[in-house]
Amino acid sequence: MSDYNPAELTVIMGSRALQDGQIIFAGAGLPLLSAIHAQKMHAPSLAILFEVGGVAPRITSLPRSTNEARSVRRSVATPATIDMMLYLQRGFVDVGFLGGAQIDRHGNINSSCIGTLEKPKVRLPGSGGANDIASSANRVFIISYHEKRRFVEKVDFVTSPGFLEGGQAREKTGLMGGGVEKVITNLGIMEFDKNSRSMTLTAVHPGITEEEVREKTGFELPVAEDLKTTTPPSEEELRSLRALDPEKRYLKAGDF
Amino acid sequence: MDYRKARQEIVEKNKGIRDKRTTLEEAVSMINDKDHVAVGGLQYTRTPMGVLWEIIRQKKQDITFYKPLMSFEGDWLFVSGAMGKAVTSWFSGGVTWGVSKIMRTFAERDPSTFEEWSLLGLSLRFKAGAMGIPCIPTKTMLGSDLEKIRGLKRFTCPYSGEEMLLIPAVNPDVAIIHSQIADKYGNAQIFGPPCLDIETAKAASKVILTTEQIVDNEHIRDAPNSTNIPFFCVDAVVELPFGCYPHECYGRYEPAYEKLGEYGQGLLKAEDKIGFVQEYLDKYFYQPADFPEYLDLFGVRSLVEATRRGRIWPL
């Protein structure tokens, strides 16, 4: 088996979840690496959109943020930010790729504060476009390092809506986007029960046990009856990925 | 600003086609303490840095700044006292320099100094302002805690029965915008992403435009479809080469990453964060005699390298 670190494993699993021909929003860091990797491996016509105003750019060097000229080089169009975000509301965006400081049982994401907003323990940078992506993308994938303090029963603040309180809560509030479809971590893949809309472990990565995942999750995590084991990253997948981040800005060993 | 007052300001202002060229100092003197000011560009891109620099030098106080995504400039505005409140969707140093410790210091002491919206939510505030209406419906932010803390009103569409949120318009006192080229009347041509600048230019009562290069009016008329902001929106035009530095201007220069990194790393290491920023402000903002002298402090090499990396022919 090839040797890989948690960040590399997660990015490759994210890459595999994307399909050729999709229109996606991907934030800087690991989601963007997954998207570019997918373009190199199996989805050459995957089109990436950026908030700043870039449609299907050709990304040659990994941008530090998704909001600069480097990230929109050779775009087919450079629309205004409001138009980029309204493509989401109109239904043009197949996949939104998000991370977050806290994620809860129903896929709600917090990137605003730890504690309450009136008395924050830690004030975080905030939504950016994440709320809009979570509100309106046709489906959302979450990419995250798997640890107890991130996977919590209830997020301190719902910056980006998942299935809210679960069940039909999301549909009832009038949101049009499909909500979170997959949560991809360094330990496994989680999806959501059709009725309760609760996170359920559906796959573990090679060498990871279901107990380990449950132990590192801050709420009672149900396990699918047909729990699968993912195929480990291939040499080719790893080679292609490492070439995208030679300085290991994002693909460092350890947590991410 | 009150909806009717915002419209009246446009009705009454001198919108004629006239030479609006002025100095950076004169232009910034149009901004008052406690004004609401919309900042063009987004994160590191096409930030009207020269105007922010001059606002800090003129010791303006307690301004409410609107910017779609805020970066290090937010640190400088907070510590100088120029910014009383940041209205934004995201406020951080940048991906590789972590969360802004200055933002945290201010927002954790007084949460009202950082008013968070989603990016589309904030964009729609400007859109409504630009359209001359007091609010605009959307599906974004429904059900989230952002809806709750912003106290947004629900609205049921009378035609479809769809549940929506109503986003209140914003009409800032002043918008500050940087373009690649403009003529002396303020006809501005922005290349690359216009960000929210087209909306903010229409929403604001006054617009201060800085530009890399003032060109002849005939040049503008040769390519009128490239004009994003027409003259009647604009009140002051200042030619300011490298006016976004150390941020970027699309097609002209990239961010001076190494200089942003020096600041970012310095702030991470500094024990006294506020003191570190005060020293930075003193060296780079208060001491230089003028904007070129500010650029001098970073050196020709930095400008040349940023240009080499960022220029796109024929912009």
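See the structure shown above.
Below or above, wherever it landed, is the structure these notes cover. Quick caveat: nothing in here was measured; it's all calculated off a predicted structure.

Check the secondary structure of chain A and you find 8 helices and 14 strands. For 256 residues, the compact-globule estimate of 2.2 N^0.38 gives 18 Å, and the C-alpha radius of gyration of chain A, at 17 Å, lies within 12% of that figure. Across its three principal directions, the C-alpha atoms of chain A cover 45 × 45 × 35 Å. Among the 256 residues that make up chain A, the fraction classed as buried is 62%. Counted over contacts in chain A with a minimum sequence separation of 6, partners at least 24 positions apart contribute 66%. Accessible surface computed for chain A: about 10,000 Å², of which carbon and sulfur atoms make up 49%. Taken together, the 30 basic and 31 acidic charged side chains of chain A have centroids lying 5 Å from each other.

Quick look at the overall build of chain B now. Helix and strand counts for chain B stand at 13 helices and 12 strands. By principal-axis analysis of the C-alpha atoms, chain B measures approximately 60 × 55 × 35 Å. Counted over contacts in chain B with a minimum sequence separation of 6, partners at least 24 positions apart contribute 73%. Summing over all exposed atoms, chain B offers an accessible surface of approximately 12,200 Å²; the carbon and sulfur share of this is 51%. Across chain B, the centroid of the 38 positively charged side chains sits 3 Å from that of the 42 negatively charged ones.

Here we come to the nonpolar core. Ranked by size, the top nonpolar core spans 70 residues in total, and within it Phe25(A), Val183(A), Met199(A), Phe126(B), Ile177(B) and Ile229(B) carry the most contacts. Among residues more than four places away in sequence, those in contact with Phe25(A) are Leu49(A), Phe50(A), Glu51(A), Met84(A), Met85(A), Leu88(A), Val93(A), Val95(A), Gly96(A), Phe97(A) and Ile133(A). Among the nonpolar cores identified, the runner-up in size contains 57 residues, and Ala27(B), Ala236(B), Tyr263(B) and Tyr284(B) belong to it.

We now examine the sheet that holds strand S5 (residues 102–104) of chain A. Residue and element names in this part refer to chain A. Strand order in this open sheet of 3 strands is S6-S5-S10, and the pairing throughout is mixed. Edge strands, defined here as strands with exactly one partner in the open sheet, are strand S6 (109–110) and strand S10 (151–152). Direction of pairing for S5 relative to S10: parallel, over a ladder of 2 bridges. Note on S10: the bridge partner recorded for Ile103 is Phe151.

Another aspect to go through is the environment of Ala38(A). Residue and element names in this part refer to chain A. Relative to the elements of secondary structure, Ala38 occurs in helix H2 (residues 30–41). Separated by 17 residues in the primary sequence, Ala38 and Gly21 have C-alpha atoms spaced 11 Å apart. Each residue touching Ala38, except ones within four places of it in the same chain, is listed here: Ser15, Leu18, Ala43 and Leu46.

Our focus in this paragraph is the packing of helix H11 (residues 273–286) of chain B against helix H12 (residues 291–298) of chain B. Residues and elements named next belong to chain B. Axis separation between H11 and H12 bottoms out at 9 Å; the angle between their running directions is 120°. On the basis of the axis angle, H11 is oblique to H12. Listed contacts from H12 to Tyr280, Lys283 and Tyr284 of H11 are Tyr294, Leu297 and Phe298. Split into classes, the residues belonging to the contact of H11 with H12 amount to 5 nonpolar, no polar and 1 charged.

Residues and elements named next belong to chain B. Together, Glu25, Glu26, Asp290, Glu293 and Asp296 make up a region of like negative charge exposed at the surface. Counting only elements with at least two residues in the negative patch, the list comes to helix H2 (24–28) and H12. Among the secondary structure elements, Glu293 is positioned in helix H12.

The subject of this paragraph is the interface of chain A and chain B. Opposite the 48 residues of chain A that make contact, chain B presents 55 residues. Taken together, the two surfaces of chain A and chain B that pack against each other cover about 4,100 Å², and 59% of this comes from carbon and sulfur. Its salt-bridge partner being Glu254(B), residue Arg70(A) comes within 2.8 Å of it at the nearest N-O pair. One can count 27 residue pairs in polar contact (both at pLDDT 80 or more) joining chain A with chain B. Of all elements in the fold, only helix H3 (69–72), helix H4 (81–90), strand S8 (120–123) and helix H5 (130–136) of chain A reach the threshold of two or more residues within the side of chain A that touches chain B. Residue contributions to the side of chain A that touches chain B peak at 5 residues, all from H4(A).

Once that is clear, we can look at the packing of helix H4 (residues 72–80) of chain B against helix H5 (residues 101–109) of chain B. Residues and elements named next belong to chain B. At a closest axis distance of 9 Å, the pairing of H4 and H5 adopts a crossing angle of 45°. The angle between the axes of H4 and H5 places the two elements in the oblique class. You can see that H4 and H5 cross each other, and the crossing is left-handed. Each of Asp75, Phe78 and Val79 in H4 lies in contact with H5, whose residues at this interface are Ile102, Met103 and Phe106. Per-class residue counts for the contact of H4 with H5 are 5 nonpolar, no polar and 1 charged.

Glancing now at H11(B). Residues and elements named next belong to chain B. Here H11 spans 18 Å end to end across 14 residues, near enough to the 20 Å set by a 1.5 Å rise per residue. By the burial criterion, the buried members of H11 are Lys273, Gly275, Val277, Tyr280, Leu281, Tyr284 and Phe285. Where the residues of H11 are buried, they touch helix H3 (49–57), H4, H5, helix H10 (257–269) and H12.

The next subject is the side chain of Asp145(B). Structurally, the position occupied by Asp145(B) is in helix H7 (residues 145–149). Accessibility expressed as a relative area gives 17% for Asp145(B), which makes it buried. In this view, Asp145(B) contacts Asp156(A), Phe157(A) and Val158(A); residues no more than four positions away in its chain are not counted.

Criteria and cut-off values
- Residues numbered from 1 in each chain as written.
- Chains lettered and ligands numbered in written order.
- Predicted model: local features only at pLDDT ≥ 70, side-chain atom pairs only at ≥ 80, totals over all residues.
- Heavy atoms only, no water.
- Helix = DSSP H or I, 4+ residues; strand = E, 2+ residues; numbered from the N terminus.
- Rg over C-alpha atoms; globule rule 2.2 N^0.38 Å.
- Buried < 20%, exposed > 50% of the residue type's maximum accessible area, 1.4 Å probe, protein only.
- Contact = heavy atoms within 4.5 Å.
- Areas by Shrake-Rupley, 256 points an atom, 1.4 Å probe, with all protein chains shown as cover.
- Lys, Arg positive; Asp, Glu negative; His and termini not counted.
- Charge placed at Lys NZ, Arg CZ, Asp CG, Glu CD.
- Core = buried A, V, L, I, M, F, W, Y, C linked by side-chain atoms within 4.5 Å.
- Pairing = 2+ DSSP bridges.
- Axes fitted to C-alpha atoms, helices over the stretch in contact; angles between N-to-C directions.
- Parallel < 35°, antiparallel > 145°, perpendicular 65-115°, else oblique.
- Nonpolar A, V, L, I, M, F, W, Y, C, P; charged D, E, K, R; others polar.
- Patch = residues over 30% accessible without salt bridge, like charges linked within 9 Å, V, L, I, M, F, W, Y side chains within 5 Å.
- Salt bridge = Lys/Arg side-chain N within 4 Å of Asp/Glu carboxyl O.
- Buried area = accessible area lost by both parts, 1.4 Å probe.
- Polar contact = N/O pair within 3.5 Å; in protein donor to acceptor, adjacent residues only side chain to side chain.
- Left-handed = near helix turned anticlockwise from the far one by under 90°.
- Expected span 1.5 Å × (residues − 1).

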